Each structure stands twice: as C-alpha cells, then as structure tokens.
Amino acid sequence: MQTLLRTPLYERHVALGARLVPFAGWEMPVQYEGVIPEHLAVRADSGAFDVSHMGELVVEGPRARAFLQSMLSNDLDRIGPGQAQYTLLTNEQGGIVDDLIVYELGPSRFLLIVNAANRERDLEWLRERELPETEVYDASDDYALIAVQGPRTLERLELPEAHAFTFADGEVDGIACTVNRTGYTGEQGVELLVDPDAAGELWDRVLARGVVPCGLGARDTLRLEVCYPLHGNDIGPETDAISAGLGWVCALDKDFNGVEELRRVKEAGPQRKLAAFVMEEAGIPRQGMAIVEGGEVTSGSHSPMLERGIGMGYVPAELAQPGAQLTIDVRGRPRRARVVKKPIYSREET
Amino acid sequence: MAAAESYPDDLRYHAEHDWARIENGEARFGITWFAQDALGELVHFEPPEDGATLTKDQAYAEVESVKAVSAVIAPLSGEVLEVNRAVIDAPETVNDDPYGDGWLVRVRLTDPGEADALMDVEAYKQLLAEQG
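Residues numbered from 1 in each chain as written. Chains lettered and ligands numbered in written order. Predicted model: local features only at pLDDT ≥ 70, side-chain atom pairs only at ≥ 80, totals over all residues.

1. Overview of the overall build of chain A
Looking only at helices and strands, chain A has 8 helices and 18 strands in total. Its C-alpha atoms give chain A a radius of gyration of 20 Å, near enough to 20 Å, the size a compact globule of 350 residues would have. Principal axes of the C-alpha set define a box for chain A whose edges measure 55 × 50 × 45 Å. The buried share of chain A, taken over its 350 residues, is 48%. (Helix = DSSP H or I, 4+ residues; strand = E, 2+ residues; numbered from the N terminus. Rg over C-alpha atoms; globule rule 2.2 N^0.38 Å. Buried ≥ 20, exposed ≤ 12 C-beta atoms within 10 Å, placed from the backbone.)

Next comes the structure, spelled out in structure tokens:
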C-alpha cells in the first residue's frame with residue numbers, strides 16, 4: 001500500500017476532529033462537523049478548505065506563452081500579468097487531459113494549478129512537448145493552498161474587493177500570501193497560496209476570524225450545484241470540451257492540441273451533451289448509475305440548497321434541453337429526473 | 001442536532017449496527033448511534049413497502065448521507081406493519097434521535113425465537129470496542 005501524503009495542515013485537521021479519507025494519494029479531510037452545515041456556511045457566510053493537495057506547475061522561459069498557447073484551449077493572450085484564466089489541457093483528439101487555472105506571474109512565467117490526481121501526468125505531458133528554452137517544473141512542494149469561499153469572505157478576512165480571476169500579493173493578519181480571486185464553489189471568495197511553513201498559522205488566523213472549516217465533501221456538493229465539472233468524473237481524456245459544455249474556454253480560432261477535432265464537433269454539433277438534472281422523485285443519483293434514456297450519471301449527490309438529488313451526465317443531445325425528462329436507475333429503481341439549465345443552483349433564483 | 005453517543009439497555013442489537021425494540025410479538029427496527037455517526041447526516045431513507053416480508057440478516061431498506069449509501073439489515077424476520085413516514089420526510093430524524101423518533105419500521109415478528117441470537121447492550125458495546 002502506498003503511503004498517503006499529508007498537507008502541512010494535517011495535524012490541524014486531526015485536532016479539529018475531521019474525518020480523513022484517501023483522495024488522489026493524499027489523506028484529506030472529507031468533513032469536520034458535517035457536509036451539510038459546511039456547505040450551508042459557504043453559501044451563507046464563509047468556509048475554508050485545505051486544497052494543498054492540488055498541484056502547482058511552473059512554465060517559464062522566453063517561449064513559455066507560445067508553448068502554453070499550443071497546449072491550452074483558452075486564449076492566453078486575453079490575460080496579462082496578475083490575471084488568471086480557467087483553461088483545459090487537451091490531447092490531440094480534443095479530449096481533456098486536465099482542467100486547470102493558469103496564472104500569469106510575468107510575461108514569460110506562468111503558474112498552473114492542476115488537479116492533484118493529474119499532477120504527475122500533466123508534468124510529463126508538458127515536458128514531453130516543451131519547446132526549447134521553455135522549462136516546466138513541479139513547484140507543488142513550495143506551496144500550500146487554502147480556499148476561503150462564501151459571500152462574507154472578504155469582510156471576514158478584511159481583504160479588498162478585486163475582479164474575479166486576478167491575483168496579487170496580500171496578507172491576512174500579517175501572514176504573507178498570494179490572494180487569488182478564484183474558487184470552486186460558485187461563491188465569491190479567494191484561494192490563498194502560501195509558504196507551507198506559514199500555512200498552519202494562516203489557517204488558524206482564518207478560522208479565528210469566524211470562517212468555518214470545510215472538507216472535500218462540501219467542496220464536491222458546492223461545485224456540483226453550480227455545475228463545475230470534476231475531472232475524472234464529468235470530463236476526462238475521452239470526453240471533448242464541446243460535448244462537456246466547455247466550448248467557452250476553447251479558442252477555436254487559435255491552434256492548440258485537438259483543435260481540429262473540436263472544430264469538427266462544434267460544426268457537426270455534439271451527439272451527446274453533459275446535462276444537469278434535478279430529481280423529481282426520491283432518490284440520490286450517484287456516479288455510474290445508468291440514465292435509462294441513454295447515458296450515465298457522471299456526478300450525483302444530494303443538494304443541500306435544493307434538498308433533493310441532483311446530478312450531471314452525458315445524454316443524447318436532444319435530451320440535453322431544460323425540461324427534458326430522464327429516468328435514473330437508482331440500484332434497480334427507476335426514478336424520474338428533469339434536465340435543468342446550468343447552474344443547478346444560483347443565488348438569484350432562490 | 002446530532003444525538004450524543006448512547007446504547008439503550010432495553011434493545012437487542014445486530015452486528016450490522018441495527019437494533020430491535022421487541023414488544024408483544026412486534027418490534028421496531030432502527031440503526032444504532034454508531035451507524036448514523038459513521039454515515040453522517042442522513043438525506044434519504046428508501047423504505048420497504050408496507051406488508052413487505054423481512055428476513056433476518058438481509059437488507060430491507062437503504063439510508064443515504066451526502067457521501068454514502070448503506071443497506072439496512074433486518075435484525076429479525078417479520079412483516080412490515082408500518083414505515084416511519086417522519087423519517088422519509090426528514091431523514092435527519094435518525095441522527096437526532098436514533099432510538100426514539102428515528103425508528104425505521106414496525107414489524108410483526110414471524111419467528112420471535114430469533115431474538116435469542118441478537119446481542120444485549122453489553123455484547124454490542126464489546127463488539128464496538130473490538131471494531132474501534
């Protein structure tokens with residue numbers, strides 16, 4: 001058995017009574033008090049997540065921008081230093097090797113924050129393709145990452161307002177960190193990149209300001225309510241961005257791996273689409289359950305905001321329309337669901 | 001609000017963390033504090049049908065938390081007389097009161113002698129200590 005990795009906050013999770021589970025090779029907190037109260041804290045106030053397991057890759061050199069333009073789906077020329085962008089690392093078939101956020105540290109230096117499970121594959125992928133004078137290296141051990149999310153986050157941390165997908169040096173109670181205006185919950189918030197040696201104290205300060213510690217359980221229900229795809233569930237090397245509804249992060253007018261295939265799918269129209277649905281009968285959809293009309297649930301859970309089962313899955317394109325009826329096979333019991341417009345949950349509609 | 005850990009001494013216990021409260025040839029079934037704590041806050045109870053026949057040691061229902069689903073094992077054989085609607089409507093009732101309002105089904109026992117095979121509270125606590 002492989003030894004699980006631990007983040008610099010591991011002892012704090014234990015002290016807080018977290019339930020720890022293996023996740024992508026790491027021993028991570030799935031919950032503290034409970035998934036539902038943690039989820040509700042993020043929707044109503046502010047919650048903190050240790051996401052130090054995520055990978056940080058650096059790409060630098062005079063041709064770093066050109067290199068990444070050919071590797072990533074989104075148009076890097078739309079951002080400058082101090083800005084970040086959600087983007088996809090694609091393969092030659094238009095499949096999704098990983099989804100990530102790229103941060104432009106300087107004109108020839110970029111930070112990629114990638115999924116923990118894909119860190120080594122991404123690094124290998126980029127190194128196999130890197131251009132001369134471009135260096136790609138894994139800087140994950142140089143960073144801890146604490147996401148603080150929810151409508152009262154800035155007030156609680158006394159941080160200034162800033163545009164989404166920007167970042168800047170900052171501090172919380174004198175502890176230096178990079179304040180990224182990004183997240184995975186659909187709420188306003190920040191992700192704090194910090195020296196691993198200072199991460200424990202930063203975490204303590206954040207919690208001392210009334211922010212609720214939250215585990216990966218709530219992170220998953222929060223992202224599913226707002227239909228952010230999870231790599232490995234909803235998207236992967238065998239799924240293309242157009243079918244996944246991620247065409248908006250694909251600059252099809254530039255050249256990158258798989259762009260021809262993506263243009264073709266866009267032109268022809270995808271045969272299957274990643275649809276979001278809400279259960280109309282009792283029962284909780286789970287990953288891998290069959291959708292009777294064709295397809296399979298890629299993510300499913302209970303929505304703490306809607307108080308019913310919700311999910312996503314690839315269905316024939318004609319069924320990926322709001323209002324379409326689906327039937328989920330819940331361990332042999334057919335249960336009705338209705339396709340809804342993404343996101344499943346938004347503040348304005350409740 | 002989740003209940004504090006407890007194991008009443010007037011119940012009979014099954015090794016799959018189920019309890020039975022036996023009275024006059026009938027019984028109520030539920031899951032123990034340990035079982036609800038392991039699952040976390042329940043968000044769904046999939047009940048058996050009224051009149052369903054339950055067989056000792058076999059699954060008769062499901063309980064689900066946000067992250068997990070668990071089959072519920074019948075501690076004794078019997079026929080379902082009543083399903084607890086309060087738990088269908090508010091599954092967290094099981095977390096709040098696992099031995100009281102959080103009971104799952106009421107059954108007519110078909111073989112009351114089966115109860116001899118269940119554990120008393122001391123034996124069940126011993127099992128938990130060994131598993132812990």
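2. Examining the overall build of chain B
Looking only at helices and strands, chain B has 4 helices and 9 strands in total. Along chain B, helices (α) and strands (β) appear in the sequence β-β-β-α-β-β-β-β-β-α-α-β-α when read from the amino end. In summary, chain B has a C-alpha radius of gyration of 13 Å against a globular reference of 14 Å for 132 residues, a match within 12%. Considering only C-alpha atoms, chain B reaches an extent of 35 × 35 × 20 Å along its principal axes. Residues classed as buried in chain B amount to 42% of the 132 residues present. Sequence separation of at least 24 residues holds for 63% of the intrachain contacts in chain B that already meet a minimum separation of 6. (Contact = placed C-beta atoms within 7 Å.)

3. Here we look at the sheet that holds strand β12 (residues 189–194) of chain A
All names here are of chain A. Strand order in the open sheet made by the 6 strands is β10-β11-β12-β9-β3-β13, with mixed pairing throughout. Two strands bound the open sheet, and with one partner strand each, they are β10 (167–172) and β13 (212–214). Ignoring strand direction, the axes of neighbouring strands in this sheet form an average angle of 30°. As paired strands, β10 and strand β11 (residues 175–180) are joined by 6 bridges and run antiparallel to one another. Paired with E171 across the strands is A176, a residue of β11. Where helix α2 (residues 35–44) meets the sheet, its contacts fall on β3 (47–50), β9 (144–149) and β13, and the angle it forms with β13 comes to roughly 120°. Running over the sheet, helix α6 (residues 196–208) touches β3, β9, β10, β11, β12 and β13 and is turned about 20° from β9. (Pairing = 2+ DSSP bridges. Axes fitted to C-alpha atoms, helices over the stretch in contact; angles between N-to-C directions.)

4. A short note on unusual backbone geometry
All names here are of chain A. Residues K342 and P343 are joined by a peptide bond in cis, for which omega reads -5°. For P343, the position within the fold is in the segment after β18 (333–340). The backbone of D173 sits at a positive phi, close to 50°, despite the residue not being glycine. Its identity as a non-glycine residue notwithstanding, C227 has a phi of 65°, on the positive side.

5. Considering the domain arrangement of chain A
By the assigned domains, chain A splits into domain 1 (10–52 + 143–224), domain 2 (55–141) and domain 3 (271–350). Centre-to-centre, using C-alpha coordinates, domain 2 of chain A lies 33 Å away from domain 3 of chain A. (Domains from an automatic or database assignment.)

6. Overview of the nonpolar core
Residue and element names in this part refer to chain A. Counting residues in hydrophobic clusters, the biggest one holds 122 residues, and the most contacted among them are V102 and I146. Ranked by residue count, the leading element in this core is strand β6 (residues 96–106), at 6 residues. When neighbours within four sequence positions are excluded, I146 is seen to be in contact with A48, D50, L192, V194, A199, L202, W203 and V206. (Core = buried A, V, L, I, M, F, W, Y, C linked by C-beta atoms within 7 Å.)

7. Some remarks on the interface of chain A and chain B
Taken together, the contacts link 12 residues of chain A with 7 residues of chain B. The set of elements that each furnish at least two residues to the side of chain A that touches chain B consists of β2 (26–31), α2, α7 (216–225) and β15 (296–303) of chain A. Per-class residue counts for the side of chain A that touches chain B are 5 nonpolar, 7 polar and no charged. (Nonpolar A, V, L, I, M, F, W, Y, C, P; charged D, E, K, R; others polar.)

8. A short note on the packing of α2 of chain A against α7 of chain A
Residues and elements named next belong to chain A. Here α2 crosses α7 at 55°, and the two axes come no closer than 8 Å. Between α2 and α7, the angle is such that the two are oblique. Read as a crossing pair, α2 and α7 show a hand that is right-handed. Between α2, through V35, E38, H39 and V42, and α7, the contact on the second element is made entirely by G217, A218, T221 and L222. Looking at the contact of α2 with α7, its residues break down into 4 nonpolar, 3 polar and 1 charged. (Parallel < 35°, antiparallel > 145°, perpendicular 65-115°, else oblique. Left-handed = near helix turned anticlockwise from the far one by under 90°.)

9. Some remarks on the sheet that holds strand β5 (residues 84–90) of chain A
Residue and element names in this part refer to chain A. If you trace the 5 strands from one edge of the open sheet to the other, you get β5-β6-β7-β4-β8, paired in antiparallel fashion. Edge positions in the sheet fall to β5 and β8 (135–138), since each of these pairs with one other strand and no more. Across the sheet, the axes of successive neighbouring strands diverge by a mean angle of 30°, strand direction being ignored. Pairing analysis gives 4 bridges linking strand β4 (residues 55–60) to β8, with the strands arranged antiparallel. Following the sheet pairing, E60 is matched in β8 by E135. The sheet contacts of helix α3 (residues 64–71) involve β4, β5, β6 and β7 (109–114), and relative to β4 the element is tilted by about 125°. In this fold helix α4 (residues 119–129) packs onto β4, β5, β6, β7 and β8, with an angle of close to 15° to the strand it touches most, β4.

10. Digging into the environment of L306 of chain A
Residues and elements named next belong to chain A. For L306, the position within the fold is in the loop between β15 and β16 (308–316). Judged by the 15 C-beta atoms lying within 10 Å of it, L306 falls in the partly exposed class. Each C-alpha atom, one on L306 and one on V278, is 8.9 Å from the other, the two residues being 28 residues apart in sequence. Those residues within four positions of L306 in sequence are excluded, and the remaining contacts are V278 and Y345.

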